[in-house]
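Observations on chain architecture
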Amino acid sequence: MNDQLTARLAGPPPQPGIFDELSKREIRRAMLSGIAIPGYQVPFGSREMPVARGWGSGGLQATLSLVGEDSRLKVIDQGEDAGVNASSLRRLVVSHVGCEEETDTRHADIIQSRHRIPEQPLRDGQVLVLQVPGAEPLAGIVRDMDEQRRMHAEADYAKMWVRLYEDVVHNGLITAAAGYPVLVEGRYIMTPSPIPRWDVPKLDRSEAITVLSAGREKRIFAVPPHTSVVPLTFEDRPFEVEHTPGAACRLCGSADTYIVQEPAADGRFTTWVCSDTDFCRRRRTGDAPAPAQPVQGETA
């Protein structure tokens with residue numbers, strides 16, 4: 001990690017307002033623990049924030065703990081800079097800290113996101129903060145929290161594999177979409193909720209730090225730079241991402257980015273657009289790589 005990022009984790013200058021310095025310090029310590037043990041869920045004392053838990057309170061606390069007046073902050077909601085969630089959180093942080101707003105992923109120091117990882121590959125020195133509504137990957141398999149902790153401690157993930165096998169038997173494929181289970185650095189299973197499967201490969205060996213913060217569950221976990229993140233799958237059922245044959249963004253023509261349906265004037269979903277509005281805009285102006293061949297994967 002470079003000196004700028006080390007200084008950011010050490011803490012920005014004190015700022016008055018909605019989040020006290022002791023709380024920020026505690027969260028930074030939790031982040032450092034998560035970076036030291038990739039994929040391990042570190043408990044922290046989640047504070048009350050001016051947003052409801054489940055609507056980004058964990059990501060907001062992590063961002064406020066890292067951002068300083070000299071930071072360039074980008075906030076996206078499902079890839080869009082102008083979304084309601086993104087705009088509200090960005091105004092809140094900027095008014096509190098006085099940092100610079102940024103929409104270009106390449107120039108941002110801290111990127112807070114709901115549901116997406118930017119299409120632009122992240123670089124060394126950047127921090128991606130993901131809002132996480134559900135941190136525990138074993139919650140749908142075993143309800144007892146003591147048993148969940150035992151399974152993580154002993155790397156006993158047999159029941160997770162059985163769940164995936166049952167999914168294949170009943171549906172012919174692993175149907176997990178958002179929060180697809182992954183193995184981090186060969187040790188801990190995590191669900192990078194709620195990013196789509198399309199974004200899961202971007203976590204593997206990324207140059208940036210990824211911080212996942214769940215305010216409601218009071219857990220922080222992290223993926224440090226150059227860390228192995230492997231989706232759980234079977235040899236005869238390779239991992240596949242969302243893909244709709246023939247679909248492309250109507251604005252930039254992309255078939256190699258995550259695209260979403262757009263409502264047409266007649267009320268039906270007939271067109272597609274890039275989820276990442278910044279990347280789409282730059283591709284239209286020639287400031288991003290030209291579209292590659294369509295990604296091969298599962299039909300959406």
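Because the structure is predicted, anything quoted here is derived from the model rather than measured.

As a further point, take the overall build of the protein. Scanning the protein from N- to C-terminus turns up 8 helices and 14 strands. When the accessible surface of the protein is totalled, it reaches about 13,700 Å², and 52% of it is carbon and sulfur.

Turning next to the sheet that holds strand β6 (residues 182-184). The strand order across the open sheet formed by 3 strands is β7-β6-β10, and the pairing between neighbours is antiparallel. The open sheet has two free edges, formed respectively by β7 (188-190) and β10 (229-231), since each of these has just one partner strand. Taken over all neighbouring pairs, the strand axes of this sheet differ in orientation by 30 degrees on average, direction set aside. Direction of pairing for β6 relative to β10: antiparallel, over a ladder of 3 bridges. Residue pairing for β10: L183 is matched across the bridge by V230.

Buried residues dominate strand β9 (residues 219-223), accounting for 4 of its 5 residues. In the sheet, strand β1 (residues 42-43) pairs with β9 via 2 bridges, with the strands oriented antiparallel. Residue pairing across strands places V42 opposite I220, the latter belonging to β9. Two elements, strand β8 (residues 209-214) and β9, share 5 bridges in a ladder whose sense is antiparallel. Looking at the pairing, A214 lines up with R219 of β9. Remark: 4 residues form the turn of the hairpin made by β8 and β9, two consecutive strands paired antiparallel; K218 in that turn has positive phi of roughly 60 degrees.

Moving on to the layout of surface pockets. Estimated volume of the largest pocket: approximately 380 Å³. Looking at the largest pocket, it is lined by 14 residues, and the ones nearest its centre are Q41, E136, R149, H152 and R219. Examining the composition of the lining of the largest pocket, we find that 5 residues originate from one element, helix α5 (residues 145-153), more than from any other. Taken together, the residues of the lining of the largest pocket break down into 6 nonpolar, 4 polar and 4 charged. If you add up the space inside the second largest pocket, you get close to 310 Å³. Contributing to the lining of the second largest pocket are 19 residues, with D77, Q78, E80, V260 and S275 lying nearest its centre. Taken together, the elements giving at least two residues each to the lining of the second largest pocket come down to β12 (259-263), β13 (269-274) and α8 (277-284). Top contributing element to the lining of the second largest pocket by residue count: α8, with 3 residues. Among the residues forming the lining of the second largest pocket, the class breakdown is 9 nonpolar, 5 polar and 5 charged.

Our next topic: the side chain of Q126. With respect to the helices and strands, Q126 occurs in the loop between β4 (110-114) and β5 (127-131). In this structure the side chain of Q126 is engaged in a polar contact, spanning 2.8 Å, whose partner is the backbone oxygen of A108. Excluding its chain neighbours within four sequence positions, the residues that come into contact with Q126 are T105, R106, A108, D109, I111, A208 and I209.

Packed helix pairs are specified by the crossing angle of their axes together with the interaxial distance, meaning the distance between the axes. Direction vectors running N to C along helix α3 (residues 57-66) and helix α4 (residues 84-97) enclose 30 degrees, while the axes themselves pass 11 Å from each other. Comparing the axis directions of α3 and α4 gives the class roughly parallel. In this structure, α3 crosses over α4, and the sense of that crossing is right-handed. Here α3 contributes L60, T63 and L64 to the contact with α4, which in turn contributes L89, L92, V93, H96 and V97.

Attention now moves to the packing of aromatic side chains. Scanning all chains against the criterion turns up 4 aromatic pairs. The ring of Y188 has R187 sitting right over it, with the charged end atom 4.2 Å from the ring centre.

Rules used in this analysis
- Residues numbered from 1 in each chain as written.
- Predicted model: local features only at pLDDT ≥ 70, side-chain atom pairs only at ≥ 80, totals over all residues.
- Heavy atoms only, no water.
- Helix = DSSP H or I, 4+ residues; strand = E, 2+ residues; numbered from the N terminus.
- Areas by Shrake-Rupley, 256 points an atom, 1.4 Å probe, with all protein chains shown as cover.
- Pairing = 2+ DSSP bridges.
- Axes fitted to C-alpha atoms, helices over the stretch in contact; angles between N-to-C directions.
- Buried < 20%, exposed > 50% of the residue type's maximum accessible area, 1.4 Å probe, protein only.
- 1 Å grid on protein atoms, 1.4 Å probe; cavity = no way out; pocket = protein on both sides within 12 Å on 5 of 7 lines; lining within 4 Å.
- Points joined across faces, edges and corners; volume = space filled by probe spheres on them.
- Nonpolar A, V, L, I, M, F, W, Y, C, P; charged D, E, K, R; others polar.
- Polar contact = N/O pair within 3.5 Å; in protein donor to acceptor, adjacent residues only side chain to side chain.
- Contact = heavy atoms within 4.5 Å.
- Parallel < 35°, antiparallel > 145°, perpendicular 65-115°, else oblique.
- Left-handed = near helix turned anticlockwise from the far one by under 90°.
- Phe/Tyr/Trp six-rings, centres within 6.5 Å; stacked < 30°, edge-to-face > 60°.
- Lys NZ or Arg CZ within 6 Å of the ring centre and 35° of its normal.

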